[in-house]
Amino acid sequence: MLARTPSAILPTMRRVTASPRTSSVSHSARAARCTRRTFATHVEDNFRIPIIDFSKYRDAATAAQKEETAQEVVRGFTDVGFIYLSNHGIPEETVKHTFQKSAEFFSMPIEKKAELAWRDPRANRGFVQVGRERVTQSANADEIRQLREKAPDYKESMEIGRDWDKTYKNYWPREVDAPGFKRSMLDFFQTCHELHVLVMRSIALGLRLEETFFDSKIHEQYHNLRLLSYPPIKTQLLRGEGTARAGAHSDYGTLTLLFQDSVGGLEVQNPRTGQFQPATPIPGTIVVNAGDLLARWSNDVLRSTLHRVVAPPAKAISETEGVTPARQSIAFFCNPNQGAEISCLPTCVVPGGNPKYPPVTTEDYIVGRLKATYM
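So, here's what we can say about the structure. In this text, all values refer to a predicted model and were calculated from it rather than measured experimentally. All chains use their own residue numbering, which begins from 1 and follows the written sequence. Whole-chain, interface and lining totals are the exception, using all residues; otherwise, since this is a predicted model, local features are given only for residues with pLDDT of at least 70 and side-chain atom pairs are given and counted only at 80 or more. Each side-chain value is derived from all of the structure's non-hydrogen atoms; neither hydrogens nor water enter the calculation.

## Observations regarding the overall build of the protein chain
At step 1: Here a helix means four or more residues in a row that DSSP labels H or I, a strand means two or more in a row labelled E, and each is numbered from the N terminus. If you tally the helices and strands in the protein chain, you get ten helices and 17 strands.
At step 2: Considering the protein chain as a whole, with its 375 residues, one finds that 54% of them fall into the buried category.
At step 3: Note on definitions: a residue-residue contact is assigned when non-hydrogen atoms from the two residues lie within 4.5 Å. Here the contacts in the protein chain between residues at least 6 apart in sequence split such that 77% fall between residues at least 24 apart.
At step 4: Accessible area of the protein chain: about 16,400 Å², with a carbon and sulfur share of 52%. Exposure categories follow from relative accessible area, calculated using a 1.4 Å probe and restricted to protein chains: below 20% of the type maximum is buried, above 50% is exposed, and the middle band is partly exposed. To measure how exposed things are, a 1.4 Å probe is used in the Shrake-Rupley method; for residues, cover is taken only from the protein chains shown.

## Thoughts on helix 4 (residues 92-106)
At step 1: By this rule the span expected of a helix is its residue count minus one, scaled by 1.5 Å. Its 15 residues give helix 4 an end-to-end C-alpha distance of 21 Å, which sits within 8% of 21 Å, the value for a rise of 1.5 Å per residue.
At step 2: Here helix 4 has its buried residues at Val95, Thr98, Phe99, Lys101, Ser102, Phe105 and Phe106. Around the axis of helix 4, the buried residues are gathered within 165° of arc, so they sit on the same side. Each direction from the helix axis to a C-beta atom contributes to the arc, which is the arc of those directions.

## Remarks on the nonpolar core
At step 1: We call a set of buried Ala, Val, Leu, Ile, Met, Phe, Trp, Tyr and Cys residues a nonpolar core when their side-chain atoms join them within 4.5 Å. If you look at the biggest cluster of nonpolar residues, it comprises 64 residues, and the most contacted ones within it are Ile203 and Phe259.
At step 2: Considering each element in turn, this core owes the most residues, 13 residues, to helix 7 (residues 181-206).
At step 3: For phenylalanine 259, the contacting residues outside a window of four places in its chain are Ile90, Val95, Phe99, Phe188, Cys192, Ile286, Ser329 and Ile330.

## Focus on the state of the cysteines
At step 1: Cysteine sulfur atoms are paired as a disulfide whenever they come within 2.5 Å of each other. In the structure shown here, the tally under the stated rule is zero disulfides.
At step 2: You can see cysteine 192 has no disulfide; the closest cysteine sulfur is in cysteine 334, sitting 7.4 Å from it.
At step 3: Residue class for cysteine 192 comes out buried when judged on its relative accessible area of 0%.
At step 4: The thiol of cysteine 344 is unpaired, and the distance to the nearest cysteine sulfur, on cysteine 348, comes to 5.9 Å.
At step 5: When its relative accessible area of 18% is taken as the criterion, cysteine 344 is described as buried.

## A closer look at the packing of helix 3 (residues 63-79) against helix 7
At step 1: Axis geometry follows a simple rule: fit a line to the C-alpha atoms, using only the stretch in contact for helices, then measure angles between N-to-C directions, giving values from 0 to 180 degrees. Packing of helix 3 against helix 7 brings their axes to within 8 Å, and their N-to-C directions diverge by 95°. Comparing the axis directions of helix 3 and helix 7 gives the class roughly perpendicular. The segment helix 3 lies against helix 7, with Lys66, Glu67, Ala70, Val73, Val74 and Phe77 engaging Ser202, Ile203, Leu205 and Gly206.
At step 2: Among the residues making up the contact of helix 3 with helix 7, the classes are represented as six nonpolar, two polar and two charged. In these notes the angle categories are as follows: under 35 degrees is roughly parallel, over 145 is roughly antiparallel, 65 to 115 is roughly perpendicular, and the rest is oblique. In the scheme used here, Gly and all other residues not listed as nonpolar or charged are polar, with Ala, Val, Leu, Ile, Met, Phe, Trp, Tyr, Cys and Pro taken as nonpolar and Asp, Glu, Lys and Arg as charged.

## Here's the deal with the packing of helix 4 against helix 7
At step 1: It is at 10 Å that the axes of helix 4 and helix 7 come closest, and there the two elements cross at 135°. As judged from the angle between their axes, helix 4 and helix 7 are oblique. Helix 7 is crossed by helix 4, and the crossing has left-handed handedness. Contact with helix 4, carried on its side by Thr94, His97, Thr98, Lys101, Ser102 and Phe105, involves Phe181, Ser184, Met185 and Phe188 of helix 7 and no other residues of that element. For any pair of crossing helices, the crossing counts as left-handed if the nearer helix is rotated counterclockwise from the farther one by less than a right angle, and right-handed if it is rotated clockwise.

## Looking at the pairing of strand 8 (residues 255-260)
At step 1: Extensive coverage of strand 8 is indicated by the burial of six of its six residues.
At step 2: Of the two faces of strand 8, both are covered, the one formed by Leu255, Leu257 and Phe259 as well as the one formed by Thr256, Leu258 and Gln260.
At step 3: Between any two strands, at least two bridges found by DSSP are needed for them to pair. Both strand 8 and strand 11 (residues 286-290) contribute to a ladder of four bridges, which runs antiparallel. Bridging across to strand 11, leucine 255 finds its partner in alanine 290.
At step 4: Note that strand 8 and strand 15 (residues 327-334) share six bridges and pair antiparallel. Counted as the bridge partner of threonine 256 is phenylalanine 333 from strand 15.

## Some details on the packing of aromatic side chains
At step 1: Two aromatic rings, drawn from Phe, Tyr or Trp (for Trp, its six-membered ring), form a pair once their centres lie within 6.5 Å of each other, and the interplanar angle then sorts them: stacked below 30 degrees, edge-to-face above 60, tilted otherwise. Inspection of the entire model under this criterion finds nine aromatic pairs.
At step 2: Note on phenylalanine 105 and phenylalanine 181: the rings are 5.1 Å apart at their centroids and 20° apart in plane angle, and the pair reads as stacked. Note that phenylalanine 105 is positioned in helix 4 and phenylalanine 181 in helix 7, a separation of 76 residues in sequence. Side by side, phenylalanine 105 and phenylalanine 181 carry an identical accessibility label, which is buried.
At step 3: Ring pairs connect the aromatic residues Phe105, Phe106, Phe127, Trp172 and Phe181, which therefore count as one cluster.
At step 4: Sitting over the ring of tyrosine 171, arginine 119 keeps its end group 4.6 Å from the ring centre. Note on geometry: a ring has a charge over it if NZ (lysine) or CZ (arginine) is within 6 Å of the ring centre and within 35 degrees of the ring normal.

## As for the environment of phenylalanine 99
At step 1: Residue placement: phenylalanine 99 occurs in helix 4.
At step 2: Apart from residues lying up to four places away in sequence, phenylalanine 99 is in contact with Phe259, Gln260, Asp261, Gln328, Ser329 and Ile330.

## Side note on the pairing of strand 6 (residues 224-230)
At step 1: For strand 6, a buried count of seven out of seven residues is recorded, marking the element as mostly surrounded by other parts of the structure.
At step 2: Of the two faces of strand 6, both are covered, the one formed by Asn224, Arg226, Leu228 and Tyr230 as well as the one formed by Leu225, Leu227 and Ser229.
At step 3: Here five bridges tie strand 5 (residues 156-160) to strand 6, and the two strands are oriented antiparallel to one another. The residue of strand 6 that forms the bridge with glutamate 156 is serine 229.

Okay, here's the thing in structure tokens:
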């Protein structure tokens, strides 16, 4: 279980699931706090993914309203590591258009997609065919290779980075093969970065930092836009031990903005019970989760929670076999600047305490994880 928020930082931010014997917060205070939050999922152990109306931060009428929403965001990442953002500011038509262009890309012949193949973890750009990646918490290359051979991830992806990078270039399909794809993805990349800045400002405010504390540490847009396609698959192929559409893992950066279709399949691990529960798609929302570097930055005040993608219910094609439906998603992996040093934030360690992690740069951490993940 990850560390609780030090009381010196956020004295009002205690877990509402604590029993009366272990919490100094009164029942009435906990109840009042719960009435200000909307939850999407209700399961045992009160593990819930909160739905947060982000317009109350973006368009706050008062400083108090902005502060309250910022604390809701931080509390969601403290308790669960995941939140749903509603009224986030990205038009639904923009999301639908991006999904359409993603589907058009994946419908291209495999030969054309293979020309754009992912090659280098430092670049982290290009097309990744089914079975090449095996996401896991392990950092051992041999162990990951064995997992990949035994239970590969049944998905394909297209990885896109900042397009002005002087060292690493994106791999774009020809315009005739995917009309409008490049322009659509570059526009969406910028849109997601702008939302990332706003969410990080809310986190800074909720952690009692200056609201713009992270601005100079994320402005390089060292992010990764990942288009994901989960093809239909026979259930027999998903029955092996450890097999999933994407295995249990945490993300590497600060935040992940996940756009889901209606099929679903994302599951989030309850860090207290170890059980996985669905993060059901909710129209008009974005699923946002904290990544490893944000957890390290915050001394594990904010959780980087394990999650996975499982197959949805299959359609029977015989007495013994079924086929799962296709699924699409779009993940925007937000990262600090390439050379940023990630060390414990000043408000995230109790007086006299020590940081849990040594400093690390963004590039060293992310490239190290990617090297072990891919073939």
